[in-house]
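# Architecture at a glance
Chain by chain, the residues run as shown.
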Amino acid sequence: LYGGYCIAELLEGLTEEFDPHPGLYEEALHGLHRLDDVTVEPQLAIVLFEFAVLRETGHLPNFEQCVVCGRAADGRSPYAFWVSQGGILCRECQKQDYRRNRLRMKSVELLQLWSQPDPIILEHVDASILKEISNVTTTAVTYYLGWPPKTLRYLKQFR
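Since this is a predicted model, take the numbers as computed values, not measurements.

Calculation rules
- Residues numbered from 1 in each chain as written.
- Predicted model: local features only at pLDDT ≥ 70, side-chain atom pairs only at ≥ 80, totals over all residues.
- Heavy atoms only, no water.
- Helix = DSSP H or I, 4+ residues; strand = E, 2+ residues; numbered from the N terminus.
- Buried < 20%, exposed > 50% of the residue type's maximum accessible area, 1.4 Å probe, protein only.
- Contact = heavy atoms within 4.5 Å.
- Patch = residues over 30% accessible without salt bridge, like charges linked within 9 Å, V, L, I, M, F, W, Y side chains within 5 Å.
- Areas by Shrake-Rupley, 256 points an atom, 1.4 Å probe, with all protein chains shown as cover.
- Salt bridge = Lys/Arg side-chain N within 4 Å of Asp/Glu carboxyl O.
- Lys, Arg positive; Asp, Glu negative; His and termini not counted.
- Charge placed at Lys NZ, Arg CZ, Asp CG, Glu CD.
- Core = buried A, V, L, I, M, F, W, Y, C linked by side-chain atoms within 4.5 Å.

It is worth spelling out the environment of Tyr25 at this point. For Tyr25, the location among the structural elements is in helix α2 (residues 22-36). Residue classification places Tyr25 among the exposed residues on the basis of a relative accessible area of 52%. For the pair Tyr25 and Val67, spaced 42 residues apart in the sequence, the C-alpha separation amounts to 30 Å.

Examined against the element boundaries, Ile133 turns out to sit in helix α5 (residues 127-145). Setting aside residues no more than four positions away along its own chain, Ile133 makes contact with Val47, Ser107, Leu110, Leu111 and Trp114.

Bringing a negative patch on the surface into the picture now. Together, Glu12, Glu16, Glu17 and Asp19 line one region of the surface with negative charge. Among the structural elements, Glu16 can be located in the loop between α1 (2-14) and α2.

The next subject is the nonpolar core. Tyr79, Leu103 and Trp114 are the most contacted members of the largest nonpolar core, which totals 42 residues. Listed by contribution, the elements that provide at least two residues to this core are α1, α2, α3 (42-56), β1 (79-82), β2 (87-89), α4 (105-115) and α5.

Moving on to the pattern of salt bridges. For the coordinates displayed, the defined rule picks out 3 salt bridges. For Glu92, the salt bridge identified is with Arg71, shortest N-O distance 2.8 Å. Here Arg71 lies in the loop between α3 and β1 and Glu92 lies in the loop between β2 and β3 (102-103), a separation of 21 residues in the sequence. For the salt bridge of Arg104 with Glu132, the shortest nitrogen-to-oxygen distance reads 2.7 Å. With Arg104 in the loop between β3 and α4 and Glu132 in helix α5, this residue pair connects regions lying 28 residues apart in the sequence. For Glu132, a relative accessible area of 14% corresponds to the buried category.

So this is what it looks like as structure tokens:
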């Protein structure tokens, strides 16, 4: 129930009224179906929708290369995510402040996979990787909304 509320809150906060967006509508339906599917972790369903809404509204951060130096993500982790910079930072470009938002290469690879126009969606993701990705999507959604989603406090049991 709270997952459905979260989807509605993100749709209301990140879209404009009377601006049809069929792709986002389809993603919302997929999100609701995932929440209804007992084989899919609720946290994964929410993260996938957060990711989809960022992608569909044009707010998806850059996960392909370091946003400071432009070096391609090449497996030399840990990377860091900094929402105000718009994506990931390589080890050499990270400042001390950025190090609290670390990402392992496995997380970066999954973020890159889900960034594609027709992403391959995995139905099961390792809990530690899902937590890292959840931090990325929630931080980005909060940044673009301008406030933390109100439904987050109800979803903490899944995070």
